[in-house]
Structures are given as C-alpha cells and as structure tokens.
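A look at the structure
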Amino acid sequence: MTDIVASSFVRQDLVAERPAPVKTSGFVGFVRTRLLNSPTNILLTILGLLLVWYTVVPAIKFLLVDAVWSGKDRTACLAENAGHPVGACWPFIQAKSTQLFYGFYPEAERWRVNLTFALGAVLLLPLLVPRLPAKSLNAGLFFFAFPAVAFFLLHGGGITGFGVSWVAGLLQLFADSISGAGAILVGLSKTSAAGPLLWAAGSLTALIGTLLHWVIFPLTWLRDQMQAAGQGPWLDLSITAVIVSVILFMLGGGARAGSRPLMASLATFAGIAAVIKLMGLDHGGLPIVDTRLWGGLLVTLVIAITGIVASLPIGIALALGRRSTIPLIRIFSITYIEFWRGVPLITVLFFATYMLPLFLPGNFTVDGLVRALIGVSLFTGAYQAENLRGGLAAVPRGQSEAASALGLSWWKTTSLIVLPQALRHVIPAIVNSFISLFKDTSLVSIVALFDLLGSLRASFADPVWTTPSTAFTGFAFIGIIYFIFCFGMSRYSLFVERRLNAHRRN
Amino acid sequence: MSDPIVNISGLNKWYGEFHVLRDIDLEVEKGERIVICGPSGSGKSTLIRCVNALEEFQEGEIVVDGIELGPNLKHVDAVRREVGMVFQSFNLFPHLTVLDNCTLAPIWVRNIPKKDAEATAMKFLERVKIPHQANKFPGQMSGGQQQRVAIARALTMNPKVMLFDEPTSALDPEMVKEVLDTMVDLAEEGMTMLVVTHEMGFAKEVANRVVFMDAGQIIEANTPNEFFAAPQHARTKLFLSQILR
C-alpha cells in the first residue's frame, strides 16, 4: 500500500493549466491545421489565394473602384473624361433601369406592376416562414386569388360575365366544333368515293352537335338574358355563387357536416365580388396593356413564377401516371415525358410562337406571352415528373401497403403518405429544376419577348450609351439579379430540406 | 358456435405460373387465436395478406364479418376497415409523429374529429405502454417500440380481426418479449388474431389452433398441445425438429 502511494507516477499536488505549446484553436490554429498542415495543402492554399487574386480583385476593381457613378450620357463613361481607366458604367443602368424592370410598359401604368409585385411579396413571404399561422388561407390566396388579381392588374380589362357565361361559352364552342366537323364530313361525301359512309357519319356528328345545342340551351339562354339585362357580371356572379355553394354543400355531406363548407364558399364569392368592385372589373377595369409592351424583369418573373407554380402539379400528375397500372395513362405519361425531354426548349418556344397559330382556327388566337408560358410549363413539367419519379421509387412499398391496410383509399394514400415522403427525397432535384427554369426564361427573347436579358440587349442599341464598358456593365448587373434570385431559392430549399427531414435525424 | 368471423373457402392463388396457395379452407371463430407456421415460401404471409386484400387471388372466396371478398376484390375498403394488420418491417410512416401515425386513419377514413382521434390514440398508446413517446418520430425509437406503435395504430381503427405477419422477425432478441407481451395482452382481451410467426412459445401460450402450411397448402391444423406433442405429418415433424432443438 505505501509502495503505491510513494511511487513517482502519482501526483502529490494538482498541475496548473497552461497554454498549448502549438496553437490549435483560433485563427492561427485554423491556418496551421487546415491550410498549411501538409505540402499539398500549402500548394492548394497558394493556388486558392491566386484564384481569389485573379477573380475577386479585378471584379471589385471593375464594379466599385474604377466604376463611374454619375453622368448623363456616354461621355461620362469614357476614360479620357473620367481621368482613369473606366470600369462599370453605372449611369447606363440608372438610365435604362425602367426598361430593364418594366420593358415598354407605359409609364403612367407602372404603379400596377409595382403593386402586383408588392402584393405577391406580401402574400409569398408569410408563406415561406413556417412559424406564421393560417397557411391554407395564405396558400389559397397566393396560388388562386393572386394569379387572377395579377392578371387584371398587369393586363387590365374587365369582365362582362362570370361562371355561367364562361361555362355556356365553352360548351357552345364545343357544340359548334362538333356541328362544324359534321358539316365538313357531309361536304366531303359529295366528292369522295366512300360518299354514303361519310354522309352517314357526317349527319350523325351534326345531329350530335344539334342535340348538344339543345341540351345546353338553358345555359346559353340564361347567358343571353343576363347580357340583355346589362347588369354586368353581378347577376351571373350571384347565380354562380348559389350554384357552386349548393353543390359544395351537397358534396360536403349536407347539414350533417355543418355549415363550414357553405360559409367558406360564400366568403370566397364575397371576396371575388369585393375584388371585382374594387378594381372596377364590372365596367371595363383598368386600361389594357398589351403583353407586347411588357418586358424586362416583369416578363422574367411572370414566366418563372408561372412556370414554377404550374410545372410541379404537372410533374406530380405525370410521375404518378407513369407508375399507374392503367396502360392508357401510363403510355400517355411516358410518351409525354419522353417527347418533351427529347426536344430543346428553344424548339418548343419556336413551335408555340410561330407554328401553333397555323394549326388553330382562324378566329382563335392565344397571346404570345401565354404561349410561352404554356410552353415553359409543359416543358418543365416533364423534367419535374422525372425528378419526382425518383422520389416515388425511394418510398418503400410497405408504406402504401400499410396505408391501404388501414383502409385509406388510393388518393389518400398517395397524398398523405407517398407524395409527402417522395417530395422530401427530391427537394434538391426539384429546386434544381426551378433554378434552371428561372435562367432558361432568358430563351424567350428569341421569340420576340423581351425578358430581362432581351431588354438589356435591346438597350445596348442606344447610341447615347455606347462605351467600351456598357456591355460588361449590363451583363454584370443582370448577372447579379439572376444570382440573387437563384441563390435565394437555393438557400431556401436547404432550409426547407433541413426542416422537413427533421424525422431522419436521430 | 356462432358464425365464423373469417371464412376462407377454396382459395387459390398464382404468381404467374407459380401456384402459391392451393385450395385453402379455413374458418376462424370470433375471439379465436390462430398461429400459422411453416417453412419459408410456404405461402403463410400470402395467405393472411389475402384476408385484407393486399394480395389478389384468382379463385375462391373470403368472407370477413359477413362481407364478401371474391377474386374481383369488391368491398375491399369495407373489409380493410374491419381488419387490422401488423407487418414484419413495422411500416410506420416515418414523416409523421407516433401520435399522427395513430390518428391518420381514424381522421381520414372514419372522419373522426381530431381531438377524439387523439384521445383514442393516447388510450391505445397507453395500452402498449408508450404514451410518453407520442410526439417522437418512429426513427427515434427502438424496433420493439416501433412494433408496439404499429399495433396501437392498427387498434385505433377498432378492427374485429388482427393480422400479424411475422411481427417479431425483424427484432433484436431482447425486444421480442415486449412485443409478444403486448400480443398476449391483446389475446386475453378476446381479439380475434391470425398470427404468422415462428415463436413457438407464443403459439403454446396463446393459440387456440396451430396451422401448419407447406407448399401452399394447409397440411396440419390442431390444438397447440396436440400439434407439438403428436405431429401427424412427416413434414411437420421435420419442421418441428428443426426449430425446437
């Protein structure tokens, strides 16, 4: 016992704390352990410093140090007048900023664009912060009410009818086209060898068309009466409100389910009425601004946001369709996806802009911007479908089996169990497609739409601002704008990913 | 006795050319506990998966609590509402908390208000002895706890019959007991149970009947005492000699 106590390796008193002989913490420690700890790392550090020196320093020099900040025309941005080598010519951006943001949108109406963006931001920001309440109301306003309001704000114009008139108009168009097809067949039968057969088919088609006209007659009659009464959309709105509310009430299980769905429906229609009144849609609305006058960031954002919002549901439908056991749906989905993935976006846009009008009936035109919107959405939808298919494949079969065993229907199993898990798996891929879509919007400039990039290139043509650095300044500026949006999406997606995958951390 | 709650008659199923279930006839009385055992590939799991229509079959008929389930799988939803199932790999929904796992089906299938569904779920979680874990995600729990949650989840739908598909096969030996205890409790309360398992101790303790399957057919069915003491069939003897060393 005493031997052990006396042995030299047992401390008699406590050793005082002292600093490490080699620093391993703080800045010096970091440099030593991470940057200069091996010959390879020393070499990499030097290469990294050189890279920074040759990229960041000239960029700062161009954008800030050598930049010209004020001036009225090109002379301010010339080296002989500035007295030093000229970097970015910021007065050029200042002079062209309205064109870059609004295109040729009339100056007196630009408040409408600002208001739309402000509205969108006010609705979108609370949607992005998970802590804030009333997500479903917020989402409903952003995804359904906002697009309609934005359309009437940006484009202008009013409405003369509402649900009843629109349904009547659509059905009438349908019936007319059937009758028309019948008439054409009958016409063909006079010259064709298979005359009697064509005549019979044509007559039958025409007969179906006439029957359809009779079936929808109450609706068209109601519409004509309402238009003759000249009350604007109000009567139509009330009738639509009553019909939709009654249908919702019935579907919701009648009085048994309580008055909630009924109240929600009536509140929605009251909101629609308020918007119509507020924007004066019942007597013409705001002055119409043709989409050919739209441009700049406005067009970029309209295309990008529409594309992003529309492509995801398209992608989900196609991805589910591709896994369907019903052959027709599966074949359609596969064909669609492979077709759209097989053609370049430029081709799609060209086709939509220049070829589609040739196929549509003469009096039926679609706005140029809308054509591009549809093209971009359908195109990105195919990519989203493939992204999502990966996510669906990663959800084990046992998940949907367990849900079915609990009695959940296919729709509920898919929307509550399978899709939420699949989407979580593929957030990075989906946002990747969104970012790619945001940048691909610049391709619309080749079909005579002036997005941000197109507006910039158009502004280069102004002889008042031709200087050696104009082009560099312009591209740097819109590069920064694109970067802000794309980087924002990227960071936000990382945040969402961490939050939604909380269950995977143990 | 009363009418059987599950009545399987003339059941035949093929996977492509492979005849997995051959002329299965089985009647299960209310409150009866049946253990199904047999070598792997003998069709035990397939048989009980047919009872709640997770597998389709080509011939025969299954009647659950008076609801008919034929080869065209009509009334699937009605049958599934009466039949609870527990899987070998738990199959809890990983993106939902334990409580949400247990309230999902009552809310979305039976349209029960959320508050009531949560109260019921807590009651069943207490019964499987994990109420304090209700707000955890399944990934944060041990296998035994997950399987008990899976049992509670099935019970929230008030099933008349419970199916167990090798509920303890994916568990560490230490955790088998806690799951089996839960199942014994359930049996003592009079639940009708169809259990595919290799836990012969459970079969001896709880089962009313042990059914032995081989090559897609039921080749022996007897009370546990008779089954273990005096197996009739040569294949059964071989099987028992291998698992009861």
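See above for the structure.
Every residue gets a number counted from 1 within its own chain, in the order that chain's sequence is written. Chains and ligands are labelled sequentially in the order written, the chains with letters from A and the ligands with numbers from 1. Side-chain atom pairs in this predicted model are given and counted only at pLDDT of 80 or more, local residue features only at pLDDT of at least 70, and totals for whole chains, interfaces and linings cover all residues. With hydrogens and water excluded, all non-hydrogen atoms of the structure serve as input to the side-chain values.

Overview of the packing of aromatic side chains
We apply this condition: The pairing test for Phe, Tyr and Trp rings, Trp by its six-membered ring, is centres within 6.5 Å, and the orientation test on the planes gives stacked under 30 degrees, edge-to-face over 60, and tilted for anything in between. Strands here are runs of E lasting at least two residues and helices are runs of H or I lasting at least four, both read from the DSSP assignment and numbered beginning at the N terminus. Accessible area is worked out with a 1.4 Å probe on protein chains only. A residue is then buried under 20% of its type maximum, exposed over 50%, and partly exposed in between. The rule is short: NZ of Lys or CZ of Arg within 6 Å of the ring centre and within 35 degrees of the ring normal puts a charge over the ring.
Inspection of the entire model under this criterion finds 22 aromatic pairs over all chains. When the ring of Phe483 of chain A is compared with that of Phe487 of chain A, the centres are 5.2 Å apart and the planes differ by 10°; the resulting orientation is stacked. In this pair, Phe483 of chain A and Phe487 of chain A both sit in helix α21 (residues 470-500), four residues apart, roughly one turn of the helix. Here Phe483 of chain A falls in the exposed class, since its relative accessible area comes to 51%. Linked through ring pairs, Phe92, Phe460, Trp465 and Phe475 of chain A together constitute an aromatic cluster. Taking the ring centre of Phe124 of chain B as reference, the NZ or CZ of Lys123 of chain B above it sits at 5.1 Å. One Lys or Arg, Arg153 of chain B, reaches over the ring of Phe93 of chain B and ends 4.5 Å from the middle of that ring.

Let's talk about the sheet that holds strand β4 (residues 59-64) of chain B
Residue and element names in this part refer to chain B. Our working rule: Being paired, for any two strands, means DSSP has found at least two bridges between them. Between the N-to-C directions of two axes lies an angle of 0 to 180 degrees, each axis being a line fitted to C-alpha atoms and, for a helix, fitted only over the stretch in contact. We call two residues contacting when some pair of their heavy atoms lies within 4.5 Å.
Within the open sheet, the four strands sit side by side as β2-β1-β4-β5. Their pairing is antiparallel. Edge strands, defined here as strands with exactly one partner in the open sheet, are β2 (18-28) and β5 (67-69). Taking the axes of each pair of neighbouring strands and ignoring which way they run, one obtains an average angle of 20° across the sheet. The sheet contact formed by strand β1 (residues 6-15) and β4 spans five bridges and is antiparallel. Paired with Val6 across the two strands is Val64, which belongs to β4. In this fold helix α1 (residues 44-51) packs onto β1, β2, β4 and β5, with an angle of close to 120° to the strand it touches most, β1.

Some points on unusual backbone geometry
Trans peptide bonds make up most of the peptide bonds, and negative phi angles are found at most residues other than glycine. Residue Ala448 of chain A is not a glycine yet carries a positive backbone phi of 65°. Turning to its location among the elements, Ala448 of chain A is positioned in the loop between α19 (427-440) and α20 (452-460). The class of Ala448 of chain A is exposed, set by a relative accessible area of 55%. Located in the positive-phi region is Ala215 of chain B, a residue other than glycine, with phi close to 50°. Within the element layout of this structure, Ala215 of chain B appears in the loop between β9 (209-214) and β10 (217-222). According to the relative accessible area criterion, Ala215 of chain B is partly exposed, its value standing at 37%.

Quick word on helix α11 (residues 234-251) of chain A
All names here are of chain A. As a reminder, the rule being used: Given the number of residues in a helix, its expected span is that number minus one, multiplied by 1.5 Å. Read the arc as the range of directions from the helix axis to the C-beta atoms.
For α11, spanning 18 residues, the distance from its first C-alpha to its last is 26 Å, which sits close to the expected 26 Å at 1.5 Å a residue. Those residues of α11 that fall on the buried side of the exposure criterion are Asp236, Leu237, Thr240, Ala241 and Ser245. Along the axis of α11, the buried residues cluster in a sector spanning 150°; they form a single face. Exposed positions of α11 whose direction lies more than 90 degrees from the buried face are Val242 and Met250.

Some words on helix α9 (residues 195-215) of chain A
Residue and element names in this part refer to chain A. An ideal rise of 1.5 Å per residue puts 30 Å on 21 residues; α9 measures up with 30 Å between its terminal C-alpha atoms. Turning to α9, its buried residues are Gly195, Gly202 and Gly209. Buried residues of α9, seen end-on, are gathered within an arc of 60° and therefore sit on one face of the element. Opposite the buried face of α9, by more than 90 degrees, sit the exposed residues Pro196, Leu197, Leu204, Trp214 and Val215. Against α8 (163-189) lie the buried residues of α9.

Re a negative patch on the surface
Residue and element names in this part refer to chain B. Worth spelling out the cut-off: Like charges within 9 Å and nonpolar side chains (Val, Leu, Ile, Met, Phe, Trp, Tyr) within 5 Å are joined into patches, using only residues over 30% in relative accessible area that form no salt bridge. Using the Shrake-Rupley algorithm and a 1.4 Å probe, accessible areas are obtained, with residue cover drawn only from the displayed protein chains. Salt bridges are defined as contacts in which a side-chain nitrogen from Lys or Arg sits within 4 Å of a carboxyl oxygen from Asp or Glu. Asp and Glu are treated as the negative residues and Lys and Arg as the positive ones, with His and the ends of the chain left uncounted. Taken as the charge centre is NZ of Lys, CZ of Arg, CG of Asp or CD of Glu, depending on the residue.
Where like charges cluster on the molecular surface, the negative patch consists of Asp23, Asp25, Glu27 and Glu59. Broken down by element, the negative patch gets its largest block of residues, three residues, from β2. Inspection of the secondary structure assignment puts Glu59 in strand β4. A relative accessible area of 42% means that Glu59 is categorised as partly exposed.

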